[in-house]
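Architecture and fold: a report
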Amino acid sequence: MAAKKTLDFLSNGVPTFARSQLLNNKAWIGGEWMLEGQGKTYPVINPANGQLITHVTDVGIEETKLAITEAYTAQKKWARLTAKERSGVLRKWYDLMIKYKDDLAKIITLEEGKPLVESLTEVAYGASFVEWFAEEGKRIYGDIIPSTVNDRKIFVLKQPVGVAALITPWNFPIAMVTRKAGAALAAGCSVILKPSEETPLSALAIAELSHEAGIPRGVFNVLTCSRETTPTIGQCLINDDRVTKLSFTGSTAIGKMMSISYFTY
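Residues numbered from 1 in each chain as written. Predicted model: local features only at pLDDT ≥ 70, side-chain atom pairs only at ≥ 80, totals over all residues. Heavy atoms only, no water.

For the protein, the helix and strand inventory stands at nine helices and 10 strands. A compact globule built from 265 residues should have a C-alpha radius of gyration of about 18 Å, and the protein, at 19 Å, falls within 12% of that. C-alpha atoms of the protein, sized along the principal axes, occupy 75 × 40 × 30 Å. Residues counted as buried form 48% of the 265 residues belonging to the protein. Sequence-distant contacts, at least 24 apart, represent 76% of the contacts inside the protein between residues at least 6 apart. As presented, the protein carries roughly 13200 Å² of accessible surface, and 57% of it is formed by carbon and sulfur atoms. The average position of the 30 basic charges and that of the 27 acidic charges among the side chains of the protein differ by 6 Å. (Helix = DSSP H or I, 4+ residues; strand = E, 2+ residues; numbered from the N terminus. Rg over C-alpha atoms; globule rule 2.2 N^0.38 Å. Buried < 20%, exposed > 50% of the residue type's maximum accessible area, 1.4 Å probe, protein only. Contact = heavy atoms within 4.5 Å. Areas by Shrake-Rupley, 256 points an atom, 1.4 Å probe, with all protein chains shown as cover. Lys, Arg positive; Asp, Glu negative; His and termini not counted. Charge placed at Lys NZ, Arg CZ, Asp CG, Glu CD.)

Here's what the structure looks like:
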């Protein structure tokens, strides 16, 4: 019976949502929705039936550089907040994900094809990373290290590295995002997320919720781009000195390509 309901859900086009704003097709840069990057969009297809869901912004180098600028500027203010203040914002983000878990699950199933029951599980799993890092961010302790000489004291202070570029795969379109972004944001870093071109809608949905939760403009950005544009965007992120952390989960082929780009830069 559950399988029948899932098939009906997938075959009836775009489902209804409690909150329609969560289904978005624009890149999220500097707290603004950008519809046409480099004047182009690309299609997102429902894998269950091959039908078009929507066309999504296909960003280019100009939009990527804008996202880096916005993230670089916003990160300094975000880092100046106390760990407790950042934790409070992340907790609100978690609460909103749980509140709208049904809508988020529908979006996962719509663009990725995962059964709805599994999508609901992923939303809870993905939100739990935000909850975890919201608490652990308050416990980023320094260290006191015994000195080898009597007139010296050695201590370690942990600080955010800056702008973190995150590249995530299609198979867990929310959980892989929150697993990376939750840690970076809790530490005081800003984020530029490049989700899989096949599943950008889930990332854009939680971007909407991040804004409502109070994550400042420019601290969390989402670059959507087609498979053809992805190498250019990745190269742009790698080659910009303002991006100080890169986290990638994906295919071996793309990982090799990015490693070569990094070590030849």
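We are not done yet, so read on.
Of all hydrophobic cores here, the largest spans 51 residues; its most connected members are Trp 93, Leu 104, Leu 185 and Phe 220. Considering each element in turn, this core owes the most residues, eight residues, to helix α7 (residues 200-213). Setting aside chain neighbours within four positions, we find Leu 104 in contact with Leu 22, Met 97, Val 123, Ile 174, Ala 205, Ile 206 and Leu 209. Within the second largest apolar cluster, 14 residues are counted, among which are Val 59, Ala 67, Ala 71 and Leu 237. (Core = buried A, V, L, I, M, F, W, Y, C linked by side-chain atoms within 4.5 Å.)

Any functional reading would require information beyond the geometric quantities listed.
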